[in-house]
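Structural description and commentary
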Amino acid sequence: MRSVGSTLADFEQDLISNLYYQRGTTLESASGSDGYQTLALTVRDRLVERYARTAAAHYEANPRFVYYLSAEYLLGRQLGQNLLYTDTERFVRPIAADLGVTLEDLESYDVEPGLGNGGLGRLAACLMDSMATLDIPAVGYGIRYEFGIFKQAFRDGAQVERPDDWTFYGNPWEFPAPDDRQVVGFYGTTAAALDDPTGLRRQWTPGEVVRGEPSHMLVPGYGTQTVNIIRLWQARASRQSFDLSRFGAGQYKEAVEDIVRAENISKVLYPDDSTEQGRELRLKQQYFLVACSLRDIIRRYRLRNTGWDAFPAKVVIQLNDTHPVMAVTELMRLLVDEYKLDWDLAWSITRRTFNYTCHTLLPEALETWPVAVVERLLPRHMEIIYAINHFFLQEVEATYPGDLDRLRRLSIIQEEPDKRVRMAHLAVVGSTAVNGVAELHTRLLAATTLRDFAELWPQKFHNVTNGVTPRRFVRLANPRLSELITERLGDESWLTDLDRLEGLAGVADDPAFLERWRAVKRANKVDLAAHVERSTGVVIDPDALCDVMIKRFHEYKRQHLKLLHVIMLFNRLREHPDLDVVPRTVLFGGKAAPGYHSMKLLLRLVNAVAETVNTDPVVSRRLKVVLPPDYNVTRAQWIIPAADLSEQISLAGKEASGTGNMKLALNGALTIGTLDGANIEIRDRVGADNFFLFGLDAQEAADLRRDYHPRAYYESDPDLRAAIDTIAAGTFAKGDRSLFAPVVDSMLGRDEYLALADYRAYLECQERVEHAWRDQEAWARMSVLNSARSGFFSSDRTVREYCDRIWRVEPVRVA
Ligand code: 475
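Counting restarts for each chain: residues are numbered from 1 in the order of the written sequence. Per-residue local features of the predicted model are confined to residues with pLDDT of at least 70, and side-chain atom pairs are confined, for both listing and counting, to 80 or more; whole-chain, interface and lining totals are unaffected and use all residues. Values reported for side chains reflect all heavy atoms of the structure, with hydrogen atoms and water molecules removed beforehand.

Next up on the list: the packing of helix α13 (residues 343–353) against helix α15 (residues 379–399). Closest axis-to-axis distance for the α13/α15 pair is 13 Å, and the angle between their directions is 85 degrees. Comparing the axis directions of α13 and α15 gives the class roughly perpendicular. Each of Trp343, Trp347 and Arg351 in α13 lies in contact with α15, whose residues at this interface are Ile384, Ala387, Ile388, Phe391 and Glu395. Note on residue classes: Ala, Val, Leu, Ile, Met, Phe, Trp, Tyr, Cys and Pro are nonpolar, Asp, Glu, Lys and Arg are charged, and everything else, Gly too, is polar. Tallied by class, residues from the contact of α13 with α15 come to six nonpolar, no polar and two charged. Here an axis means a line fitted to C-alpha atoms, over the contact stretch when the element is a helix, while the angle between two N-to-C directions is reported on a 0 to 180 degree scale. Segments assigned H or I by DSSP are reported as helices when at least four residues long, segments assigned E as strands when at least two residues long, and all are numbered from the N terminus. Note that the term roughly parallel is reserved for angles under 35 degrees, roughly antiparallel for angles over 145, roughly perpendicular for angles of 65 to 115, and oblique for everything else. Contact criterion: two residues are considered in contact whenever any of their non-hydrogen atoms come within 4.5 Å of each other.

This is how it looks when you write it as structure tokens:
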């Protein structure tokens, strides 16, 4: 095999060769897109070679593998990352300059695969990055959605969703692997297996079959040779599905019906973030993912192993939330029905193979499926769930004799108000380890949501606090800061040993260093201002405090609390034009689920407030509000390096962890936040003096919620009343009092997440922020300390904890 060369000349030659032989064009006639595709292929060639060596090393070592099952991956753009990970950026800049283009021009063709909604999908991508970096043998499995997370645009300030046709120009970063396709069944009937006296083995005859076709994206490690993969499945009709006779008879639609039905399975990512969509197609997606992936895992296992005894020793499967939990049932079906293992052995293997990560506390986000739906779509799996539940409840009965109420609470089947399968219960019963994603989250899981399970199996529960990859979110997103850090620390080893950032604490009092730190932030803000102007037309001041709230729009995250603060500032400045306030740019970013009407209305209100504020000649000199459309990983990488203030203001006890909070702190933003999710751990580390804390804690919030009257806060707080009245008066709707009335009604009527109760504390905290901002050197010092002390939040640390405490896997070095 010819191996790729490592010199500039080799790189140049490969570019020309790829331009000719892969793109079929010439230097003279190549388009910008040809240039990008050619570059991508040339960089990819360098990864492929490492991938081949990784596969060989893994085959040789026959190690225990981590299989990460996730319905979502939010990978972000690939070009910049892969240039960094192959150390070829230094070649590309001079070559591009010779050709009269910039790397940034080429990068603008790089489409981010938006195969996820938010934090959960991005966490999957960060963990895959860290696993490769730590040489952990791992494969990620997911769905190759034809349309990823919708593109967000605004029309008259309202969110409109456009399809994300991300593969339109082809995806140079993936390899199809048609030889590894799988066949998956749905619907149909079950019957007794003749050879099984226990009745536990049965035969399923599906009523519909589809093909799963895999392709994979390469996941390189940083500073190492390992290249792992994420294998993505796309649904295809089986070859017989095209009805030639119908087509011949002119029944064109009917002729392709089966094809359409099959391909719909991987057509689109469900864009809801935590509220259950009672859609059969979604369950079909979930089963499609796990059925294809388990067959592939077994195929891989059998390359080097025989028999089943070693299976749990060689295979550890991590379930990313409940979306892939049907895998527990599917592995039981494969082992019992197809490989004829007896039930107890199959169950012991299954339980030892799976682990489950929970990402939520919201009861409405805990997935359940109507028994009737599961029965129809997956009749054999429903029988298996009943059997698992039967044996599980026997176990419970033995531990707590006669405790019927406990049986009812623990059961995998919910009986009232309708019969449903509780996926989280199935996950806990079928797993060795269950983990939450931040200390508070894990504690609350064990105390509330999964309390009965934590009592039954206390040793099953673990905490693994989330982390983020410093490669993408510091090095790639913030090259200026990275250079300064590297210069200060002497080398780049902090990128794989993030605790080394502590070395910055020593210069947090050095005025010369602080000056340079501030200069980096300012330059990043100038860049962001250009992006913001391009996407919104609004000009922002790079010297203003850059106050950012970037995350999915969700009520519990309380974007409306931030907005009440903005409106208060607006009112104040209108009343007192000469008031000495700190100039601020408030930047929101985020999408709302297309069916989440209250949050879409709130987005509209943010845009309306922005319009009013930004066009007010007096107010806009000190305050700007922007909501650049289509927040995604690429935009996050532009915004995060420029942020001064990070808004993490969810109601305590609701945000499982948050990971944007970590990315912002690492880039030197100061957090204003509640005692929620990982905010607590961030504050513990960066120090209470370098963190703006406000609001109810989780216990106080839970107590207050029992007897809560939002109107009382409205009536007793004049600033709050004025802010809400400004909305109610139609100030942001050209006098129309009805448009935003539902927002007002929801705040005064229910205020589900206690925004009004936290309002005064939040305002006072923002005043402390202003006060702190006025001393720019002291602010810079706090900023440095935030970066210096956030090394813990590297996803490398997260992966190490999974490895040591849950997966028990060892790295395999690739030569
Ligand atoms: C938490 N997404 C963050 C992050 O652990 C946490 C739900 C249903 C369907 C589709 N997507 C979802 C989530 O639940 C999600 O993104 N959860 C988030 O996971 C990583 O940091 O607090 O809200």
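Next comes the rest of the write-up.
Attention shifts here to the site of the ligand. Lining the immediate environment of the ligand, one finds 19 residues, of which Leu120, His359, Asn466, Glu655 and Gly658 sit closest. The side chain of His359 places a nitrogen or oxygen atom 2.6 Å from an oxygen atom of the ligand. In this structure, Glu655 approaches the ligand through a side-chain N or O atom, which is 2.6 Å from an oxygen atom. Relative to its free-state accessible area of 500 Å², the ligand is covered by the protein chains to the extent of 93%. Counting residues per element, the shell around the ligand draws most heavily on helix α6 (residues 119–133), at three residues. A cutoff of 4 Å decides nearness: a residue is near a molecule or strand if any of its heavy atoms lies inside that distance of it. Polar contacts, as counted here, are pairs of nitrogen or oxygen atoms within 3.5 Å of one another; within protein the pair requires one atom able to donate a hydrogen and one able to accept it, and residues that are adjacent in sequence qualify only if both atoms are side-chain atoms. In short, Shrake-Rupley with a 1.4 Å probe defines the accessible areas, and a residue's cover is counted only from the protein chains shown.

Any two strands with at least two DSSP bridges between them are considered paired. One open sheet accounts for three strands, arranged β15-β17-β16; its pairing is antiparallel. The outermost strands of the open sheet, each flanked by one partner alone, are β15 (368–370) and β16 (413–414). Bridge analysis of β15 against strand β17 (residues 420–422) gives three bridges, and the strand direction is antiparallel. Its bridge partner being in β17, Trp369 is matched across the sheet by Val421.

The contact between helix α30 (residues 718–728) and helix α31 (residues 741–749) brings their axes to 9 Å, and the two run at 150 degrees. Along this stretch, α30 crosses α31, giving a crossing that reads as left-handed. Contacts between α30 and α31 pair Ile724, Ile727 and Ala728 from the former with Val744, Met747 and Leu748 from the latter. Of the residues assigned to the contact of α30 with α31, the class counts are six nonpolar, no polar and no charged. Should the near helix be turned anticlockwise from the far one by less than a right angle, the crossing is termed left-handed; should it be turned clockwise, right-handed.

Bringing the domain arrangement of the protein into the picture now. Residue ranges for the domains originate in an automatic or database domain assignment. Under the domain assignment used here, the protein contains domain 1 (62–77 + 112–425 + 440–456) and domain 2 (470–793). Here the C-alpha centre of domain 2 lies 35 Å away from the C-alpha centre of domain 1. At the interface, 36 residues of domain 1 touch 37 residues of domain 2. Once two parts are joined, some of their accessible surface, as seen by a 1.4 Å probe, is lost; buried area is that loss totalled over both. Across the domain 1/domain 2 interface, buried area totals approximately 3000 Å², and carbon plus sulfur atoms make up 55% of it.

Another point: the pattern of salt bridges. Just to be clear on terms, a salt bridge is a Lys or Arg side-chain nitrogen sitting within 4 Å of an Asp or Glu carboxyl oxygen. Throughout the structure, instances matching the rule amount to 68 salt bridges. Salt-bridge contacts for Lys151 lead to Asp164; the nearest nitrogen and oxygen are separated by 4.0 Å. Here Lys151 is found in strand β5 (residues 151–155), whereas its partner Asp164 is found in the loop between β6 (158–162) and β7 (174–176), with 13 residues between them in sequence. Of the charged contacts, one joins Asp630 and Arg635 as a salt bridge, the two residues approaching to 3.6 Å between their closest N and O atoms. One continuous salt-bridge network, built from bridges that share partners, spans Asp403, Asp405, Arg406, Arg408, Arg409, Arg451, Asp452 and Glu455.

Let us now look at the sheet that holds strand β22 (residues 623–626). With parallel pairing, the six strands of this open sheet are ordered in space as β22-β21-β20-β23-β24-β25. The outermost strands of the open sheet, each flanked by one partner alone, are β22 and β25 (692–693). Direction of pairing for strand β23 (residues 645–648) relative to strand β24 (residues 670–673): parallel, over a ladder of four bridges. Within β24, the position partnered with Ser646 by the bridge is Thr671. Sheet contacts for helix α23 (residues 559–575): β20 (545–550), β21 (584–589), β22 and β23; angle to β21, the most-contacted strand, approximately 150 degrees.

Right, let's get into unusual backbone geometry. Cis geometry is adopted by the peptide bond preceding Pro417, which originates at Glu416 and carries an omega value of -5 degrees. A positive phi is found at Asp135, a non-glycine position, where the angle reads about 60 degrees. Relative to the helices and strands, Asp135 is located in the loop between α6 and β4 (138–143). Residue Asp321 is not a glycine yet carries a positive backbone phi of 65 degrees. Counting through the fold element by element, Asp321 comes out in the loop between β13 (315–320) and α12 (326–338). Between buried and exposed lies partly exposed: a residue is buried under 20% and exposed over 50% of the maximum accessible area for its type, with that area taken using a 1.4 Å probe on protein chains only. For Asp321, a relative accessible area of 7% translates into the label buried.

Our focus in this paragraph is the side chain of Asn786. Along the polypeptide, Asn786 turns up in helix α33 (residues 776–788). A polar atom in the side chain of Asn786 sits 3.1 Å from the backbone oxygen of Asn690. When sequence neighbours within four positions are dropped, the list of residues in contact with Asn786 reads Ala665, Ala669, Leu670, Val686 and Asn690.

Let us look at the environment of Gly730. Examined against the element boundaries, Gly730 turns out to sit in the loop between α30 and α31. Measuring from C-alpha to C-alpha, the distance between Gly730 and Phe740 comes to 7.5 Å, with 10 residues separating the pair along the chain. Not counting residues within four places of it along the chain, the set of residues in contact with Gly730 comprises Gly735, Asp736 and Arg737.

Glancing now at the pairing of β5. Here β5 pairs with β6 via five bridges, running antiparallel. Looking across to β6, one finds that Gln152 is bridged to Glu161. Counting the residues between successive antiparallel strands, the hairpin from β5 to β6 contains two residues, one of them, Asp156, with a positive phi of roughly 50 degrees.

Here the aromatic set is Phe, Tyr and Trp, taking the six-membered ring for Trp, and pairing holds for ring centres within 6.5 Å; pairs whose planes are under 30 degrees apart are stacked, those over 60 apart are edge-to-face, and all others are tilted. Counted under the stated rule, the structure contains 27 aromatic pairs. Look at Phe11 and Phe91: their rings are 5.5 Å apart centre to centre, the planes differ by 50 degrees, and that puts the pair in the tilted class. On the criterion of sequence distance, the pair formed by Phe11 in helix α1 (residues 8–21) and Phe91 in helix α4 (residues 89–99) is long-range, its members being 80 residues apart. For Phe11, a relative accessible area of 0% puts it in the buried group. Between Phe392 and Phe453, the aromatic rings sit 5.9 Å apart at their centres with planes inclined by 10 degrees, giving stacked as the arrangement.

To continue, consider the nonpolar core. Counting 139 residues, the largest nonpolar core has Met131, Phe186, Ile388 and Trp807 as its most contacted members. For this core, the element with the highest residue contribution is helix α10 (residues 280–304), accounting for 11 residues. Residues contacting Phe186, with those up to four places away along its chain left out, are Trp204, Pro206, Gly207, Glu208, Val210, Ile265, Lys284, Tyr287, Phe288, Leu377 and Leu378. The set of buried Ala, Val, Leu, Ile, Met, Phe, Trp, Tyr and Cys residues whose side-chain atoms join them within 4.5 Å is what this entry labels a nonpolar core. Within the second largest apolar cluster, 72 residues are counted, among which are Val566, Leu623, Val743 and Met782.

On to the side chain of Thr469. For Thr469, the position within the fold is in the loop between β19 (461–463) and α20 (470–476). Among the polar contacts listed, one links the side chain of Thr469 to the side chain of Asp129, at a separation of 2.8 Å. Once you skip the residues sitting within four places of it in the chain, Thr469 turns out to touch Tyr85, Arg122, Cys126, Asp129, Val474 and Ser795.

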